[in-house]
Amino acid sequence: QVQLVESGGGLVQAGGSLRLSCAASGRIFSTNTMGWFRQAPGKERERVGSITWSGGNIYYADSVKGRFTISRDNAKNTVSLQMNSLKSEDTGVYYCAAALYGSGWSYWGQGTQVTVSS
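Residues numbered from 1 in each chain as written. Predicted model: local features only at pLDDT ≥ 70, side-chain atom pairs only at ≥ 80, totals over all residues. Heavy atoms only, no water.

Moving on to the sheet that holds strand β7 (residues 68-73). Pairing is antiparallel across the open sheet formed by four strands, whose spatial order is β1-β3-β8-β7. The open sheet has two edge strands with one neighbour each: β1 (2-7) and β7. Taking the axes of each pair of neighbouring strands and ignoring which way they run, one obtains an average angle of 15 degrees across the sheet. The pairing of β1 with strand β3 (residues 18-26) spans six bridges and is classified as antiparallel. (Pairing = 2+ DSSP bridges. Helix = DSSP H or I, 4+ residues; strand = E, 2+ residues; numbered from the N terminus. Axes fitted to C-alpha atoms, helices over the stretch in contact; angles between N-to-C directions.)

Now the structure itself:
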């Protein structure tokens, strides 16, 4: 009932920037929190950041705090992740996810690859 499609991934040099976007469709009004996750080879998937519908509650992983910025445009049904000062450790597949009211992370996109070269 909620479809998520990520875009904006690619190959960048360390210190560079990328902006990821997630387009949501379907029963978007049922969602409460949107988030970005990432998974590197051999590592567990981790939550990079998340933002509530109102934008009043924002979370960042310690590893990206100060470098990444999550935002959402409810009118356009999008959530974005601006990534600055990228490091090789940021390499991985980035996923957009949505949580429903009173539930956990219920919907996921297919992911977009982010590769940071040194």
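Okay, back to it.
Next up on the list: empty space enclosed by the protein. Evaluation of the coordinates by the stated rule reveals one cavity of 30 Å³ or more. Roughly 60 Å³ of volume is contained in the largest cavity. Where the lining of the largest cavity is concerned, the elements lending two or more residues are β3, β7 and β8 (78-83). Each residue belonging to the lining of the largest cavity can be placed in one class, and the counts come to six nonpolar, three polar and two charged. (1 Å grid on protein atoms, 1.4 Å probe; cavity = no way out; pocket = protein on both sides within 12 Å on 5 of 7 lines; lining within 4 Å. Points joined across faces, edges and corners; volume = space filled by probe spheres on them. Nonpolar A, V, L, I, M, F, W, Y, C, P; charged D, E, K, R; others polar.)

Let us look at the environment of S50. As for its position among the elements, S50 is in strand β5 (residues 46-52). When near neighbours in sequence (up to four residues on either side) are disregarded, S50 contacts T33, M34, G35, N57, I58, Y59, I70 and W105. Within the local environment of S50, its side chain forms a polar contact with the side chain of R47, the two groups lying 2.7 Å apart. (Contact = heavy atoms within 4.5 Å. Polar contact = N/O pair within 3.5 Å; in protein donor to acceptor, adjacent residues only side chain to side chain.)

Summed over all chains, the structure comprises two aromatic pairs. Aromatic pair F37 and W105: ring centres 5.0 Å apart, planes at 85 degrees, arrangement edge-to-face. Residue F37 is found in strand β4 (residues 31-39), and its partner W105 is found in strand β10 (residues 105-108); the two are separated by 68 residues along the sequence. With relative accessibility at 8%, the residue F37 sits in the buried group. Assessed through its relative accessible area of 28%, W105 is described here as partly exposed. Among the aromatic residues, ring-to-ring pairing joins F37, W105 and W108 into one connected group. If you follow R45 out to its NZ or CZ, it ends over the ring of W108, 4.9 Å from the centre. When the ring centre of Y59 is taken as reference, the NZ or CZ atom of R47 above it lies at 4.0 Å. (Phe/Tyr/Trp six-rings, centres within 6.5 Å; stacked < 30°, edge-to-face > 60°. Buried < 20%, exposed > 50% of the residue type's maximum accessible area, 1.4 Å probe, protein only. Lys NZ or Arg CZ within 6 Å of the ring centre and 35° of its normal.)

Moving on, we come to the state of the cysteines. Here the structure, examined in full by the defined rule, presents one disulfide. The side chain of C22 participates in a disulfide bridge whose partner is C96; the two sulfur atoms lie 2.1 Å from each other. Judged by the torsion about the S-S bond (-80 degrees), the C22/C96 disulfide is left-handed. Here C22, found in strand β3, pairs with C96, found in strand β9 (residues 92-100); they are 74 residues apart in sequence, far enough to count as distant. Summarising the burial analysis for this pair, C22 and C96 share the class buried. (Disulfide = S-S within 2.5 Å.)

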